[in-house]
Amino acid sequence: MTAEQNTVHNEELSVVDSLITESSTTEDEVARMCAGLILDGQLTVLQRQLHADFLKIPMSFQLPPNYTGLDASKPWLMYWPLHALEILDPDNQTDDILSRIGPSIMACLNGIEGAFGGGNGQTAHLAATYASLNALAISRDEQVWSQINREELYKWLMSVKLPDGGFSMHVGGEEDVRAVYCALASAALLNIITPELTEGTAEWISRCQTYEGGIGGAPGNEAHGGYAFCGLAALCILGNPIEMIPQYLDVDSFVHWLSARQYQPEGGFSGRTNKLVDGCYSWWVGGCWSILEGALPWITSTDVLWSKADLQKYILFCCQSPRGGLRDKPGKSSDFYHSCYVLSGLSEVQHRYSFRPKLRGSESGGWSFMWTYELESPDIVIIDEQNVVGPLNPVHVLPAGVGERMHDFYAALGTLEL
Amino acid sequence: MPLAYISDYSWEAIVPIPQDDGGENPLAPIAYQDDYKTATGYLRAVMSVEEVSDRALQLTSDLIFMNPAHYSVWAYRARLLFALKKDLEQELIWIEEVGQRFPKNYQIWNHREMIVDKYDNPIRELPFIEVMLELDSKNYHVWSYRQWLVRRFDLWITELPYTDRMIENDVRNNSAWNHRFFTVFGKGVDIAQSEINDEIDYAKRAILKAPQNASAWNYLLGVLKRAQRPLSEIEEFCNDLAAVTTTAQSLNVDIDRLASTRALEVLADIYAGRREVEKAAQAWTLLAEKYDPIRENYWKFKNRRQVSVSWLQPK
């Protein structure tokens, strides 16, 4: 390992095409804007208080009417800021906030279907169920945990399972790899994974890998950072990632595609070939790196395969909104979604994750709870103390220890007759 | 003045169900406009008894214009349309209006898929998709929908010329390239070598227009791999673009003439596949130190492993 690893790359690439198209025009604009914000050789400061104030808005105020577009994503409006607040500083999570999660999430439960919807009285939905359970994990509210009817939730999961091994988002909804991830992550937290639930699913994920090496939303669709994370993380729930990843993905082409997501001079990740960098891929793409580096020791023993220093640069210089909260790129407003995934990306820059199968014994359904972390070495990335954010579980995108605790709670209740 | 919910139908006999956000002091409450609050109160009431009526259908139209991301409303609407045996062509026209008003909304695509599947006629689809891709030529959900449509109605014949046109407009439109790959290989029938040759030539011509364009390179390499053709087939092409000349032991790059760093990368893989370790190392070192330094760690990793993309472990 060399000391040069922690240097950033602010200069433009030396070989650039002269042909101008819509894609290259927008890319040039973004590269210029980012370069203008990045200061050579300096680290800027994470504006903790400003971001915490922004993230506490849903806990303190009524959101204005323009949030109506997220009225079918209420559990996300809780999970995103809660997760971000906790990795920013665990002290942000007051008892008052934690105690209000349970009732707020349970209001989204569709009692007839047995799973969570996007709001009170809405149809049960896999993304809403995933976000709800993640928010409940953060609540640490065992009283609410014990109110969840796992048999009913399991039956509903089976009702959105499709014969080809995939899942649809809701009854009659769209089938994609997000649905697979949300279903499996939910089942893992509740400890209700069965062979019946997962039959054919790894094969279905495998069919979503494209000729570019990344993973698309469904077989044939374009490779995309968000779906890549969903597919990879789902494999880490289905079994031992050391075996599952090489069995169901062409790892070399996946890594090649992942590596091409980091842009110079911006330092951030794009989600697709020839698309622009976006702060949220700091997690979707960066999370893939965490998992690969932590699960496949032959990928990396001491090194990382990408530039953590450059991603940290993009996050700190380009993704912090002056009004608080994190954003896609300069010129965009901050929001809770980007705050959650940009800060998760920062956490991923600053930590090194390892999959340790012996850590907790290999009881079934527990594969995604065997991850440990350590602070990244200064040879890889220089981390200013005031910029450090907390570690997380790279499969569930939850503060470290939180999902583990919820899973253990249900595991202790014994096996369900499913 | 609060916005009242105005409807053509009478809602007097129905008891709206108010929204219960949970507890005294719920998280993330939204200060809805009055019309939305009233309409969702009716929605919960009619959905709870699965009312099948024209007024319920009208309610879904109104709510979709207030919040097109409300997936429960879309799903209910589909059930109503089928139960009431509504004219599905009218529905398609209506969706087109919604799509143009809310171009980023994606709930419409799953809905349209259900309607078109039942309608069993794709006549309106390609023109509508065209309009939507004009608004955003990389709209992920539109391209996914187009794939479904092509499979469902066996529309393969139109697709290659369509991707020609989209790639002509923007040679870096990766969605169009992905669709082209789907078009060539998605049919599930054997492909003639002549067709493969055409695709290789097509990709090469596109690369010559913009030699750093990753979309065209990914396509070229993807076609070769799928057709089980060797990378060495494009070695000369890469030599030209990377301005490379070689001896048995080493390579020489004319730095001023190099037009494509990707060509250099492919050459490194070709050398590694032939166990020409020194040459591969030279190419990767150039990528790491000169041409693509942000990915230095990756190039060094490739060099350490000397693994070429052409001899990957099988899936």
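These numbers were taken from a predicted model, which means no experiment stands behind them. Along each chain, residues carry numbers from 1 onward, in the same order as the chain's sequence is written. Numbering of ligands from 1 and lettering of chains from A proceed in the order in which they are written. Two thresholds apply to this predicted model, a pLDDT of at least 70 for residue-level local features and 80 or more for giving and counting side-chain atom pairs, whereas whole-chain, interface and lining totals are computed over all residues.

Asks: How do you make sense of the overall build of chain A when you look at a structure like this?
Replies: Only DSSP runs of H or I with at least four residues qualify as helices, and only runs of E with at least two residues qualify as strands; both kinds are numbered from the N terminus onward. Each helix and strand counted, chain A has 18 helices and six strands in total. Atoms considered for the radius of gyration are the C-alpha atoms alone. The globule rule reads 2.2 Å times the number of residues to the power 0.38. Expected size for 418 residues packed as a compact globule is a radius of gyration near 22 Å; at 21 Å, chain A falls within 12% of this value. Each principal axis of the C-alpha atoms in chain A carries an extent, and together these give about 60 × 50 × 40 Å. The contacts in chain A between residues at least 6 apart in sequence include a share of 71% that link residues at least 24 apart. By the criterion used throughout, residues are in contact when their C-beta atoms, derived from the backbone, lie within 7 Å.

Asks: Can you help me understand the overall build of chain B in this one?
Replies: Looking only at helices and strands, one finds 15 helices and two strands in chain B. For chain B, the C-alpha radius of gyration of 28 Å lies well beyond 20 Å, the compact-globule estimate for 315 residues. Principal-axis analysis of the C-alpha atoms gives chain B an extent of 90 × 50 × 35 Å. Scored against the burial criterion, the 315 residues of chain B give a buried share of 45%. Residue burial here comes from a neighbour count, namely the number of other C-beta atoms, placed from the backbone, that lie within 10 Å of the residue's own C-beta, with 20 or more meaning buried, 12 or fewer meaning exposed, and in between meaning partly exposed.

Asks: Where do I start with unusual backbone geometry in this structure?
Replies: When glycine is set aside, most residues are seen to have a negative phi, and most peptide bonds are trans. A:Pro265 follows A:Gln264 through a cis peptide bond whose omega is 10 degrees. Within the secondary structure, A:Pro265 sits in the loop between helix H14 (251–259) and helix H15 (281–295). A positive phi is found at B:Glu50, a non-glycine position, where the angle reads about 50 degrees. Along the chain, B:Glu50 turns up in the loop between helix H1 (34–48) and helix H2 (54–66). A count of 11 C-beta atoms within 10 Å places B:Glu50 in the exposed class. Despite not being glycine, B:Asp154 has its phi angle at roughly 55 degrees, a positive value.

Asks: Help me understand the interface of chain A and chain B in this model?
Replies: Quite often, the size of an interface is put as the accessible area lost when its parts meet. Each partner contributes to the interface: chain A provides 71 residues, whereas chain B provides 67 residues. For the side of chain A that touches chain B, the elements supplying multiple residues, two or more each, are helix H1 (22–37), helix H3 (57–60), helix H4 (74–88), helix H5 (95–106) and H14 of chain A. Looking at which element gives the most residues to the side of chain A that touches chain B, the answer is H5(A), with five residues. For this classification, Asp, Glu, Lys and Arg are treated as charged, while Ala, Val, Leu, Ile, Met, Phe, Trp, Tyr, Cys and Pro are nonpolar and the rest, including Gly, are polar. Considering only residue class, the side of chain A that touches chain B consists of 23 nonpolar, 34 polar and 14 charged.

Asks: Would you mind showing me how to read the environment of B:Leu80 here?
Replies: All names here are of chain B. With respect to the secondary-structure elements, leucine 80 resides in helix H3 (residues 71–83). Residue classification places leucine 80 among the buried residues on the basis of 21 C-beta atoms within 10 Å. Residues leucine 80 and leucine 57, 23 residues apart in the sequence, show an inter-C-alpha distance of 6.5 Å. Contact partners of leucine 80, with chain neighbours within four places excluded, come to Val52, Ala56, Leu57 and Thr60.

Asks: Just checking my understanding: could you explain the domain arrangement of chain B for this structure?
Replies: Where each domain begins and ends is defined by an automated method or by a domain database. For chain B, the domain assignment lists domain 1 (1–86) and domain 2 (235–315). Summarising the inter-unit geometry, the C-alpha centres of domain 1 of chain B and domain 2 of chain B are found 60 Å apart.

Asks: It is not clear to me how the environment of B:Ile108 should be interpreted in this structure. Could you clarify?
Replies: All names here are of chain B. Within the fold, isoleucine 108 resides in helix H5 (residues 107–119). A residue is classified by how many C-beta atoms lie within 10 Å of it, and isoleucine 108, with 22 of them, is buried. A sequence separation of ten residues divides isoleucine 108 from valine 98, and the C-alpha atoms of the two residues are 8.0 Å apart. Excluding anything up to four places from it in sequence, isoleucine 108 contacts Ile95, Val98 and Gly99.

Asks: Just to check I follow, could you spell out the pairing of strand S3 (residues 351–355) of chain A for this structure?
Replies: Along any regular strand the residues' side chains alternate between the sheet's two faces. Residue and element names in this part refer to chain A. The element S3 is extensively covered by neighbouring structure, given that four of its five residues are classed as buried. Only when DSSP finds a minimum of two bridges between them are two strands counted as paired. As paired elements, S3 and strand S4 (residues 371–375) share five bridges and run antiparallel to each other. Bridge pairing in S4 links arginine 352 to glutamate 374.

Asks: I tried to follow the confidence of the model for chain B on my own but got confused; where do I start?
Replies: Predicted coordinates in regions of low pLDDT should not be interpreted in detail. All names here are of chain B. Confidence scores labelled pLDDT are given residue by residue by the predictor and lie between 0 and 100. Confidence in the prediction for chain B averages 94 pLDDT; 97% of positions are at 70 or higher. pLDDT under 50 marks residues 308–315. Its contacts with residues more than four places away, or in other chains, come to 17 contacts. Both scores are given for the predicted complex: the pTM is 0.96, the ipTM 0.96.

Asks: Even after reading the chapter, I still don't get the environment of A:Leu37, so can you show me in this structure?
Replies: All names here are of chain A. Structurally, leucine 37 is set in helix H1. By C-beta crowding, leucine 37 is classed as partly exposed, having 17 other C-beta atoms within 10 Å. Spatially, the C-alpha atoms of leucine 37 and leucine 316 are 9.9 Å apart, while their sequence positions differ by 279 residues. Not counting residues up to four positions away in its chain, the partners in contact with leucine 37 are Phe317, Cys318 and Pro330.

Asks: What's the story with helix H12 (residues 225–238) of chain A in this structure? I'm lost.
Replies: Every α-helix winds through 3.6 residues per turn, so residues three or four apart in the chain are directed the same way. Any helix carries an expected span of 1.5 Å times its number of residues minus one. An ideal rise of 1.5 Å per residue puts 20 Å on 14 residues; H12(A) measures up with 20 Å between its terminal C-alpha atoms. Buried residues dominate H12(A), accounting for 14 of its 14 residues.

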